[in-house]
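# Working through the structure, step by step
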Amino acid sequence: MTMYATLEEAIDAAREEFLVDNPDVQEEDANVQQLNIQKYVLQDGDIMWQAEFFADEGDDGECLPMQSGEGAQAVFDGNYDEIELRQEWLEENTLHEWDEGEFQLEPPLDTEEGQTAADEWDER
């Protein structure tokens, strides 16, 4: 899993990975049907992003479906507004780093460490 500091970097990397995974497709001929995105908050508070493109709608990946059909194709082609995509992201889907490399939607509240982490996340 590779994460990027900006959503734009994550989308660019996903585009490149899609083309590598589909070597018989040229970038201008690519037919993308789904864009998946995931937002992460690291322990140090940094925000990271991951993105994936798929040729078929409904394909499962590591991220959550964000755009499909023409919307996914437009993002693949570079015709998108990053601010708009960020605004469409549902914060309750953001994964938080609980332990190094371990992510979950919220910290476990049954431990003192978990409660402290939840309090810190709430402050942000």
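Our subject is the structure that appears above.
This report concerns the structure included in the present document. (Residues numbered from 1 in each chain as written. Predicted model: local features only at pLDDT ≥ 70, side-chain atom pairs only at ≥ 80, totals over all residues. Heavy atoms only, no water.)

## Notes on the overall build of the protein
What counts is decided by this rule: Helix numbers and strand numbers start at the N terminus; a helix is a DSSP run of H or I with at least 4 residues, a strand a run of E with at least 2. In this scheme, a residue with accessible area under 20% of its type's maximum is buried, one over 50% is exposed, and one in between is partly exposed, where area comes from a 1.4 Å probe on protein chains only. In what follows, a contact means two residues having at least one pair of non-hydrogen atoms within 4.5 Å. A 1.4 Å probe and the Shrake-Rupley method give the accessible areas. Residues count as covered only by the protein chains that appear here.
A count of helical and extended segments in the protein gives four helices and five strands. Here the protein, with 124 residues, has 38% of them falling under the buried criterion. Sequence separation of 24 or more characterises 56% of the internal contacts of the protein that already satisfy a separation of 6 or more. Total accessible area computed for the protein in this model is approximately 7600 Å², and 42% of it derives from carbon and sulfur atoms.

## Some points on the pattern of salt bridges
Cut-off, in case you're wondering: Definition used for salt bridges: Asp or Glu carboxyl oxygen within 4 Å of a side-chain nitrogen of Lys or Arg.
Inspection of the entire model under this criterion finds three salt bridges. One salt bridge in this structure joins Arg15 and Asp12, with 2.9 Å as the shortest N-O distance. Of this pair, Arg15 and Asp12 are both found in helix H1 (residues 7-21), three residues apart, which corresponds to roughly one turn of the helix. Among the residues examined, Asp12 registers a relative accessible area of 29% and is labelled partly exposed.

## Description of the packing of aromatic side chains
For clarity, the threshold we go by: Here the aromatic set is Phe, Tyr and Trp, taking the six-membered ring for Trp, and pairing holds for ring centres within 6.5 Å; pairs whose planes are under 30 degrees apart are stacked, those over 60 apart are edge-to-face, and all others are tilted.
Using the criterion set out here, one finds four aromatic pairs in the structure. Considering the side-chain rings of Phe18 and Phe76, the 5.5 Å spacing of their centres and the 75° angle between planes classify their relative orientation as edge-to-face. Here the residue Phe18 occupies a position in helix H1, and Phe76 occupies one in helix H2 (residues 70-76), the gap between them amounting to 58 residues. Taking the relative accessible area as the measure of exposure, Phe76 reaches 1% and is therefore buried. Ring geometry for Tyr40 versus Phe103: centroids 4.9 Å apart, planes at 65°, classification edge-to-face. With Tyr40 in strand E1 (residues 34-41) and Phe103 in strand E5 (residues 102-104), this pair connects stretches of sequence that are 63 residues apart.

## Examining the environment of Glu16
Along the polypeptide, Glu16 turns up in helix H1. On a C-alpha basis, the gap between Glu16 and Glu52 in space is 9.9 Å, while along the polypeptide they are 36 residues apart.

## Examining a negative patch on the surface
Stated formally: Patch rule: a residue counts if its relative accessible area is over 30% and it has no salt bridge; like charges are joined within 9 Å, and nonpolar side chains (Val, Leu, Ile, Met, Phe, Trp, Tyr) within 5 Å. Residues scored as charged are limited to Lys and Arg (positive) and Asp and Glu (negative), so that His and the chain ends carry no count. Think of each charge as sitting on NZ of Lys, CZ of Arg, CG of Asp or CD of Glu.
On the surface, Glu16, Glu27, Glu28, Asp29 and Asp77 cluster together into a patch of negative charge. With a relative accessible area of 55%, Glu16 lands in the exposed category.

## Overview of the nonpolar core
Note the threshold: What we call a nonpolar core is a set of buried Ala, Val, Leu, Ile, Met, Phe, Trp, Tyr and Cys residues that are connected through their side-chain atoms within 4.5 Å.
Ranked by internal contacts, the top residues of the largest apolar core, which has 19 residues, are Ile11, Phe18, Leu35, Ile37, Ala51, Phe53 and Phe76. Those elements giving two or more residues to this core turn out to be H1, E1, strand E2 (47-54) and H2. At six residues, the largest contribution of residues to this core is made by H1. Tyr40, Met48, Leu95 and Phe103 belong to the second largest nonpolar core, which has five residues in total.

So, to be careful, I would describe these as geometric facts and stop short of saying anything about function.
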